[in-house]
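Each chain, letter by letter, is given below.
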Amino acid sequence: MRTSASFFLIVFTQCIWNGGAVNTMIGILADMQLGFPATDQLAASAVMACRHIQNRDNRLVSSKLSADFNVTCNFVDHNLRSKTQVAEAALHWSAIGADFMVGAYTSDASVPLAVLGGLYEIPVVGFFSPSDFLSDKEAYAYYGRTNLAALNVPKSCMKFISAMGWSNFGFMYIDNAEGNSNNNAYHKFAREDGLHVLTSQPFISLDAESIRFAVKGLAASRARIFITGASLEDSLMIIEAADEEGIIGPGYTWFGSVADPLTFLRQSKNATRTLELISGWMFIRSDPFAEDNQWQRFDDVWKGETFENVAIADVDGVVHRPLPPTVNAIDCFAVCGYMYDAVWTAALAMDRSVKANSAGEKVPAEVLAAWRELEFEGATGHVRFDDKLDRGTGVPMVLVNWVPVEASDGTKAIQPTDIATWEGATGVLKRIEFPDQSAPAWKGGARGWDSMPADGSACAKGQVLFLSSLQCEPCPSGSFQVLLLPPSTLAVYQAQPARY
C-alpha cells in the first residue's frame, strides 16, 4: 500500500448499441496537492463533466451522446511529481479494462501515462500538458490533448516581445525533456521573428546551486529581458538569486511561468520583498475564455453545482478529505475548462467509434480515428483535433502584466492585468489599451508603453554590445537599431528607429 496520496477518477459508462449494452470505462488522473486554489476546482470540473455526461446536460457541450450513460466516479489523489504513481494508475486501469485515460497535469507526469497507453492501446487525453515532445506520434501514438501544445507559448511570447520593440533576451529552463523542448522552441521562433537569445541557461529543478549558477549566466549575458520556465519552488529560488545578482529591479523585465502572484507571496520567506521584486512581471496564458463570453457561460453553469457528497479515496481504499461543498471557478483559470472538455472528448470519441463499428465493438484504432474527426462546441470554445491529436483550434494567448497597486490605507498588492492578446490561428496580435491606472507597470514603478525598460544589452544609447568581447562600442554614424547575430563579432543593422 502506498503511503503517499494519489488521485484518479474512474468513470463507468454504458451505452446502448443495437439493443446491446456496451460498457465503457474512463480513468481520469488529476492532482489536489499543487498548492494553490485551482486544485479543488480542477477535480470538481472533472466531477461536473461526469455528472453532465450522466444527466445528458449539454449546456456546455453541444454534441449529443447516443447512448444511456450510467456514471460512477471514484476519486483518488496523487502526487504531481511522482511518475511512479501515474504509472501505477495506468497499470491499474489497464488491469480493470479501462478504455480511455485522462491526464496528467504536467508534461513530465504525462509521459508514463502516454507510454503505457500506447503499450496497452488505451487512448490518453491530456488537459494541461503542453510540451511539444508529446506531439511525437511515433513515441506517443495514443496521446492527445484539449489544451494547446507548448509551442504556442514561445511563439506568442516572441510576438509580444517583437511588438514591444525589444530584440534580445535571456532564457533559463529546467534541464529535462520538457525544458529542452521549450528551449529549442524559443530559439526557433526567435529566429523566425528576428529576435536573439543572448543566453539560454539550463538548471536542475529544486537545486539552489544549479539555479544560482544559471542566474549568474543570465547576468553575464547583459540581457535586460528574461524568460523563465520554472515551477513555483524554482521560481522563488530564481527570484532570490536574481536579487543577489542585481538583475531583477529597475530596467529589467521578467516573463515568469507561475500564473498567480498570490502563490508567490504565500510561499515566500519574505512576502514584502517578493512583492517588490515580482511587481511588473509578465505572464503568458492561453485563454479559451478570452472571447465571446465563454468564461461567463462556464461560470454560470458552475455556480449551480455542489460537491459536498464527492468523497476522495486512495487506490487502496484509504479515504482522504472531500471536496468543499462549493468552489470558485475564478480561481481555476482555463485549466478547469480543458479538464471538462477532456472528459467529454473521451466519452464522445468512444461513442462515435462504437457507432461506426458494424458490430458495435470497441477497437482502439477506430477510437483514435473517431477522436481525430471529433469536433464540438465545448467549455473552452470550438474543439477540434489535428492529425497529431493536438488541439487544432486557435485559442487566444494573453499577455498579463502584474501591476503593483496600493490601497487607500497604504496596503500594497499586485493586480494581474491583461495587456495584449495573440490569436495563433489568424496570427492577429491585439494590444489592449487600458486607463492610466492599469497601464503596463515596469520595474521601479514606471507605467505605460513609453516607459518600457531598455532592451537587450546594458549599453548606453548610441552603443552596441559585441558578443565576442561583451564590450559596448559606439554605433557607426547614421546606423539604426542594432541586431546581434552570434557568434559573429560584427553587428547587423536594420533600417528601423533606434531603441535601447
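Above this text you will find the structure in question.
Residues numbered from 1 in each chain as written. Predicted model: local features only at pLDDT ≥ 70, side-chain atom pairs only at ≥ 80, totals over all residues. Heavy atoms only, no water.

Explain the overall build of the protein residue by residue, including any values.
Check the secondary structure of the protein and you find 12 helices and 23 strands. Per-residue burial over the protein gives 54% buried out of 500 residues. When the accessible surface of the protein is split by element, carbon and sulfur atoms take 51% of a total near 20400 Å². (Helix = DSSP H or I, 4+ residues; strand = E, 2+ residues; numbered from the N terminus. Buried < 20%, exposed > 50% of the residue type's maximum accessible area, 1.4 Å probe, protein only. Areas by Shrake-Rupley, 256 points an atom, 1.4 Å probe, with all protein chains shown as cover.)

So what's going on with the pattern of salt bridges? Residues and values would help.
This structure, assessed with the given rule, holds 14 salt bridges. Asp-57 is the salt-bridge partner of Arg-59, the closest N and O atoms lying 2.8 Å from each other. Residue classification places Asp-57 among the buried positions, given a relative accessible area of 16%. Note that Asp-390 and Arg-145 form a salt bridge whose closest N and O atoms lie 2.8 Å from each other. Of this pair, Asp-390 sits in the loop between β16 (381–384) and β17 (397–406) while Arg-145 is found in strand β7 (residues 143–145), placing the two residues 245 residues apart along the sequence. Looking at Asp-390, the relative accessible area reads 7%, which means it is buried. Overlapping salt bridges, with partners in common, bring together Glu-209, Arg-212 and Glu-244 in one network. (Salt bridge = Lys/Arg side-chain N within 4 Å of Asp/Glu carboxyl O.)

Any details on the packing of aromatic side chains? Residues and values, ideally.
Here the structure, examined in full by the defined rule, presents 14 aromatic pairs. Pairing Phe-298 with Tyr-340 gives two aromatic rings, centres 6.4 Å apart and planes at 85 degrees, and the pair type is edge-to-face. With a gap of 42 residues between them, Phe-298 in helix α10 (residues 294–302) and Tyr-340 in helix α11 (residues 335–356) connect regions that are remote in the sequence. Residue Phe-298 shares its accessibility class with Tyr-340, and that shared class is buried. Every member of this aromatic cluster is reached through a ring pair, and the members are Phe-226, Tyr-252, Trp-254, Trp-281 and Trp-402. Note that Arg-224 overlies the ring of Tyr-252, its terminal NZ or CZ placed 5.2 Å from the centroid. (Phe/Tyr/Trp six-rings, centres within 6.5 Å; stacked < 30°, edge-to-face > 60°. Lys NZ or Arg CZ within 6 Å of the ring centre and 35° of its normal.)

Just give me the short version of the packing of helix α6 (residues 208–221) against helix α7 (residues 232–245), but keep the residues and values in it.
Taken N-terminus to C-terminus, the directions of α6 and α7 make an angle of 50 degrees; their axes are 9 Å apart at the nearest point. On the basis of the axis angle, α6 is oblique to α7. The interaxial crossing formed by α6 with α7 has right-handed handedness. Across from Ala-208, Ile-211, Arg-212, Val-215, Lys-216 and Ala-219 in α6, the residues of α7 making contact are Asp-234, Met-237, Ile-238, Ala-241, Ala-242, Glu-244 and Glu-245. Its residues assigned to classes, the contact of α6 with α7 comprises eight nonpolar, no polar and five charged. (Axes fitted to C-alpha atoms, helices over the stretch in contact; angles between N-to-C directions. Parallel < 35°, antiparallel > 145°, perpendicular 65-115°, else oblique. Left-handed = near helix turned anticlockwise from the far one by under 90°. Contact = heavy atoms within 4.5 Å. Nonpolar A, V, L, I, M, F, W, Y, C, P; charged D, E, K, R; others polar.)

How would you sum up the packing of helix α2 (residues 83–95) against helix α3 (residues 107–119)? Please name residues and give values.
Angle between the axes and distance between the axes: these two values describe a pair of packed helices. Following both chains from N to C, one finds α2 and α3 inclined at 25 degrees, their axes separated by 8 Å at the closest point. Classified by the interaxial angle, the pair formed by α2 and α3 is roughly parallel. Of the two possible hands of crossing, α2 and α3 adopt the one that is right-handed. From α2, Lys-83, Val-86, Ala-87, Ala-90, Leu-91 and Trp-93 reach across to α3, where they touch Asp-108, Ala-109, Pro-112, Leu-113 and Leu-116. Tallied by class, the residues present in the contact of α2 with α3 amount to nine nonpolar, no polar and two charged.

Account for helix α4 (residues 152–163), with residues named and values stated.
Two residues of an α-helix separated by three or four positions point the same way, owing to the 3.6 residues in each turn. Along its 12 residues, α4 runs 16 Å from first to last C-alpha, staying within 8% of the 16 Å computed at 1.5 Å per residue. Among all positions of α4, only Asn-152, Pro-154, Ser-156, Cys-157, Met-158, Phe-160 and Ile-161 are buried. Positive backbone phi, approximately 85 degrees, marks Gly-165, located one or two places after α4. (Expected span 1.5 Å × (residues − 1).)

So what's going on with the side chain of Ser-235? Which residues, and what values?
Positionally, Ser-235 belongs in helix α7. Judged by relative accessible area, Ser-235 falls into the buried class, the value being 3%. In this structure Ser-235 touches Ala-230, Ser-257, Val-258 and Phe-264, once residues within four positions along its chain are discounted.

Residue-level account of the nonpolar core, with values.
Within the largest apolar cluster, 78 residues are counted, with the highest numbers of intra-cluster contacts made by Met-158, Ile-161, Phe-169 and Phe-255. When neighbours within four sequence positions are excluded, Met-158 is seen to be in contact with Phe-169, Tyr-186, Phe-189, Ala-190, Asp-193, Leu-195 and Ile-227. Counting 33 residues, the second largest nonpolar core, distinct from the first, contains Met-172, Leu-218, Leu-275 and Trp-281. (Core = buried A, V, L, I, M, F, W, Y, C linked by side-chain atoms within 4.5 Å.)

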